[in-house]
Amino acid sequence: MTDAAFGELVETSKAGWLADAASLCRVLDPPASDETIHLLDAATLPEEARRHALAWTAGGLDVVLRDRLRDRRRGPVLVLDAGKIARVRLEPATLAEHEVAALGRLEVAQVAIHELGHARLAEATGETLPATATLPALLAAVDAATGSDHNRATHGQQWVRSYLVLSSRAARSLWPRQWWIDAAVADVRRYVEIKATTDELLAALQPELDPDEPLTDILRRPPPAAFSALLDTQARKVTT
């Protein structure tokens, strides 16, 4: 597929990819009856929103971005640069149109799960933006909060736990099943040097892989001792 054709396909497909990813997130961890999970294309925001990251979120973002959301219900907002995700994760020269359509949908959904892990952790810990926060101030903070220290601080043990619980739920019944777990563990290894195998990580989390329990309730409890032991013995990566 040519680069130009790839770009056109991404532009016409990304709204559907984002909608599918939002639906998946609501299935993996259903919101309360008066809430939802919002996905917002970073391309609808100023350039600072997509300068450094494929995606980001923050507690209370639904208040800051309320005028940009179609649904005014409360709930986490996951900002994804769907076009950039496709560019980074896929190789257009090696793919046919139908492969880009299918793989783009999967990659956007996987990044959404990564961000939902952050969002649910923020809810569980009560971390939220000030009520007076504005979009320009928030984007300035996003612009400043980059580099290895930021990545190391925001991708710790609890985020790994949150992410893997969500990914294990996807792997239970959604094609391509094992891919959700493998993709999540590969993603985690970008931030944390984990010597444990995927099977060891999931076995350590087994006591809380209940697909019906709200993730925030899980995260408000101490993690399983076996899981903490695996993560506590790992050397943190310094990533950019």
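Residues numbered from 1 in each chain as written. Predicted model: local features only at pLDDT ≥ 70, side-chain atom pairs only at ≥ 80, totals over all residues. Heavy atoms only, no water.

1. Examining the packing of helix 1 (residues 3-28) against helix 3 (residues 82-89)
Spelled out, the test is: Throughout, an axis means a line fitted to C-alpha atoms (over the contacting stretch in the case of helices), and angles, computed between N-to-C directions, take values from 0 to 180 degrees. In this description a helix means any DSSP run of H or I spanning at least four residues, a strand means any run of E spanning at least two, and both kinds are numbered starting from the N terminus. Reported orientations rely on four angle classes, namely roughly parallel under 35 degrees, roughly antiparallel over 145, roughly perpendicular from 65 to 115, and oblique for the rest. Definitions for this section: a left-handed crossing has its near helix turned counterclockwise from the far helix by less than a right angle. A right-handed crossing has that turn clockwise. Contact criterion: two residues are considered in contact whenever any of their non-hydrogen atoms come within 4.5 Å of each other.
As a packed pair, helix 1 and helix 3 sit with axes 9 Å apart at the nearest point and diverge in direction by 130 degrees. One finds that helix 1 runs oblique with respect to helix 3. In this structure, the crossing between helix 1 and helix 3 has a hand that is right-handed. On the side of helix 1, the interface is formed by Asp 3, Phe 6, Gly 7, Val 10, Lys 14, Trp 17 and Leu 18, while helix 3 contributes Ala 82, Gly 83, Ala 86 and Arg 87.

2. Overview of the packing of aromatic side chains
Note the following rule: Each aromatic pair joins two rings of Phe, Tyr and Trp (for Trp, the six-membered one) with centres within 6.5 Å, and gets the label stacked for planes under 30 degrees apart, edge-to-face for over 60, and tilted for any other angle. Note on classification: 1.4 Å probe, protein chains only; a residue is buried when its accessible area is under 20% of the maximum for its type, exposed when over 50%, partly exposed between these limits.
Within this structure, the stated rule accounts for 3 aromatic pairs. Consider the rings of Trp 159 and Tyr 163, whose centres lie 5.1 Å apart with planes at 35 degrees: the pair is tilted. Taken together, the positions of Trp 159 and Tyr 163, both in helix 7 (residues 157-173) and 4 residues apart, correspond to about one turn of that helix. Trp 159 gets classed as buried once you look at its relative accessible area, which sits at 0%. In this structure Tyr 163 comes out as buried when scored by relative accessible area, which is 0%. Seen in terms of ring centroids, Trp 159 and Tyr 191 are 5.7 Å apart; in terms of plane orientation they differ by 85 degrees. Their pairing is edge-to-face. Residue Trp 159 is found in helix 7, and its partner Tyr 191 is found in the loop between helix 8 (178-188) and helix 9 (198-205); the two are separated by 32 residues along the sequence. The residues Trp 159 and Tyr 191 share a single accessibility class, namely buried.

3. Some points on the nonpolar core
As a reminder, the rule being used: Nonpolar core, defined: a set of buried Ala, Val, Leu, Ile, Met, Phe, Trp, Tyr and Cys residues in which side-chain atoms within 4.5 Å join the residues together.
Counting 59 residues, the largest nonpolar core has Leu 39, Leu 78 and Leu 80 as the members making the most contacts within it. Residue contributions to this core peak at 11 residues, all from helix 4 (residues 97-125). Each residue touching Leu 78, except ones within four places of it in the same chain, is listed here: Cys 25, Ile 37, His 38, Leu 39, Leu 40, Trp 56, Thr 57, Ala 112, Glu 115, Leu 116 and Ala 119. If you look at the next biggest cluster of nonpolar residues, it comprises 14 residues, including Leu 45, Leu 61, Leu 69 and Leu 139.

4. Concerning the pairing of strand 1 (residues 38-41)
Where we set the bar: The pairing criterion is simple: DSSP has to find at least two bridges between the two strands.
Here strand 1 shows no split at all, with His 38 and Leu 40 on one side and Leu 39 and Asp 41 on the other all buried. Pairing of strand 1 with strand 3 (residues 77-80) involves 4 bridges; the strand directions are parallel. What sits directly across from Leu 40, in strand 3, is Val 79.

5. Examining the packing of helix 1 against helix 4
Formally: Under the scheme applied here, ten amino acids are nonpolar (Ala, Val, Leu, Ile, Met, Phe, Trp, Tyr, Cys and Pro), four are charged (Asp, Glu, Lys and Arg), and all others, including Gly, are polar.
Where helix 1 contacts helix 4, the axes come no closer than 8 Å and their chain directions differ by 45 degrees. It follows from the interaxial angle that helix 1 and helix 4 lie oblique. The handedness of the crossing between helix 1 and helix 4 is right-handed. Within the contact between the two elements, helix 1 uses Phe 6, Leu 9, Trp 17, Leu 18, Asp 20, Ala 21, Leu 24, Cys 25 and Leu 28 and helix 4 uses Glu 97, Val 100, Ala 101, Gly 104, Arg 105, Val 108, Ala 109, Ala 112, Ile 113 and Leu 116. For the contact of helix 1 with helix 4, the class distribution of residues is 15 nonpolar, 1 polar and 3 charged.

6. Section: the sheet that holds strand 2 (residues 55-57)
Here we have 3 strands laid out as an open sheet, ordered 1-3-2, and mixed in their pairing. Edge positions in the sheet fall to strand 1 and strand 2, since each has one partner strand and no second. Averaged over all neighbouring strand pairs, the angle between strand axes comes to 25 degrees, with direction disregarded. The strands touched by helix 1 are strand 1 and strand 3; relative to strand 1, the strand with the most contacts, the crossing angle is about 160 degrees.

7. Thoughts on the pairing of strand 3
Side-chain alternation along strand 3 places Val 77 and Val 79 on one buried face and Leu 78 and Leu 80 on a second face that is also buried. Bridging between strand 2 and strand 3 involves 3 bridges; their strand directions are antiparallel. Residue pairing in the sheet places Ala 55 in a bridge with Leu 80 of strand 3.

8. Thoughts on the confidence of the model for the protein
Quick reminder of the rule: Per-residue confidence from the predictor is reported as pLDDT, which spans 0 to 100.
Per-chain confidence: the protein averages 91 in pLDDT, with 93% of residues scoring 70 or above. Scored below 50 in pLDDT, residues 235-240 shows 21 contacts in the model against residues more than four places distant or in partner chains.

9. Topic: the side chain of Asp 187
What counts is decided by this rule: Pairing of N or O atoms within 3.5 Å defines a polar contact, subject to two protein rules: one partner must be a possible hydrogen donor and the other a possible acceptor, and residues neighboring in sequence count only if both atoms are side-chain atoms.
Inspection of the secondary structure puts Asp 187 in helix 8. Engagement of the side chain of Asp 187 in a polar contact is seen with the side chain of Tyr 163, the distance being 2.8 Å. If we ignore the near neighbours within four places in the chain, the residues touching Asp 187 are Gln 110, His 114 and Tyr 163.

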